[in-house]
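Structural description and commentary
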Amino acid sequence: KGKGKGKRRGPSGPTLPRERITQEPVTGEVQEWKGKYGWIKPTVPVEHPTAARRNGNIYVSMSDLVGGITALTPGSLCQFHIFTDPSGLGAEECLGS
């Protein structure tokens, strides 16, 4: 008892193989920050097949923050590159404001 598999979730985490889809950094507004990761709403909607997942929000991990920051503040703007991986879109080289 108690050994149920639960619902299957897709691949996730900051170590999946990535492919950058932006040439230039883009901006967005931090929607929420959950301690070690958060969600960014891009200023300009992303043209990509997986962009509609997560209501258009982009995942960001604490390990993808640059400039010495360790967290993002909801409501603030940030600048980042967008990558795609098996779980969807994510932000890397993210600079907070």
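Notes on the structure in this doc start here. (Residues numbered from 1 in each chain as written. Predicted model: local features only at pLDDT ≥ 70, side-chain atom pairs only at ≥ 80, totals over all residues. Heavy atoms only, no water.)

**Brief notes about the overall build of the protein chain**
Put simply, the rule reads: Numbering goes from the N terminus for both helices and strands, where a helix is a DSSP run of H or I of at least four residues and a strand is a run of E of at least two. Per-residue accessibility, obtained with a 1.4 Å probe over protein chains only, is compared with the maximum for each type, and a residue is labelled buried under 20%, exposed over 50%, and partly exposed between these values. Pairs of residues are marked as contacts when any of their non-hydrogen atoms sit within 4.5 Å.
In terms of helices and strands, the protein chain carries 0 helices and 6 strands. Reading the protein chain from its N end, one meets helices and strands in the order β-β-β-β-β-β. The 97 residues of the protein chain split such that 36% are buried. Relative to all contacts within the protein chain whose residues are 6 or more apart in sequence, the contacts with residues 24 or more apart total 64%.

**A few points about unusual backbone geometry**
Positive phi is not limited to glycine here, since Asn55 has a value of about 55 degrees. When you line up the elements, Asn55 lands in the loop between β3 (37-42) and β4 (58-61). Positive phi is not limited to glycine here, since Glu93 has a value of about 50 degrees. Mapped onto the secondary structure, Glu93 falls in strand β6 (residues 88-96).

**Some details on the side chain of Asn57**
Checked against the element boundaries, Asn57 lands in the loop between β3 and β4. Setting aside residues no more than four positions away along its own chain, Asn57 makes contact with Gln31, Trp39, Ile40 and Lys41.

**Comments concerning the pattern of salt bridges**
Rule in force here: What makes a salt bridge here is a side-chain nitrogen of Lys or Arg within 4 Å of a carboxyl oxygen of Asp or Glu, nothing more.
One pass over the structure, following the stated rule, counts 5 salt bridges. Between Arg18 and Asp64 there is a salt bridge, and its shortest N-O distance comes to 2.9 Å. Remark: Asp64 occurs in the loop between β4 and β5 (77-85) and Arg18 occurs in the segment before β1 (19-20); sequence separation between them is 46 residues. Residue class for Arg18 comes out partly exposed when judged on its relative accessible area of 31%. Linked by salt bridges that have partners in common, Arg18, Arg20, Asp64, Glu92 and Glu93 make up one network.

**Here's the deal with the packing of aromatic side chains**
What counts is decided by this rule: By convention, a stacked pair of Phe, Tyr or Trp rings (six-membered ring in the case of Trp) has centres within 6.5 Å and planes under 30 degrees apart, an edge-to-face pair has planes over 60 apart, and any other such pair is tilted.
Following the criterion strictly, the structure yields 2 aromatic pairs and no others. Residues Tyr37 and Tyr59 carry aromatic rings whose centres are separated by 5.9 Å and whose planes lie at 25 degrees to one another, so their mutual orientation is stacked. Highlighted residues: Tyr37 in strand β3 and Tyr59 in strand β4, separated in sequence by 22 residues. Centre to centre, the rings of Trp39 and Tyr59 are 5.8 Å apart; their planes meet at 70 degrees, and the pair counts as edge-to-face. Of this pair, Trp39 sits in strand β3 while Tyr59 is found in strand β4, placing the two residues 20 residues apart along the sequence.

Everything listed is a geometric property; what it means functionally is a separate question.
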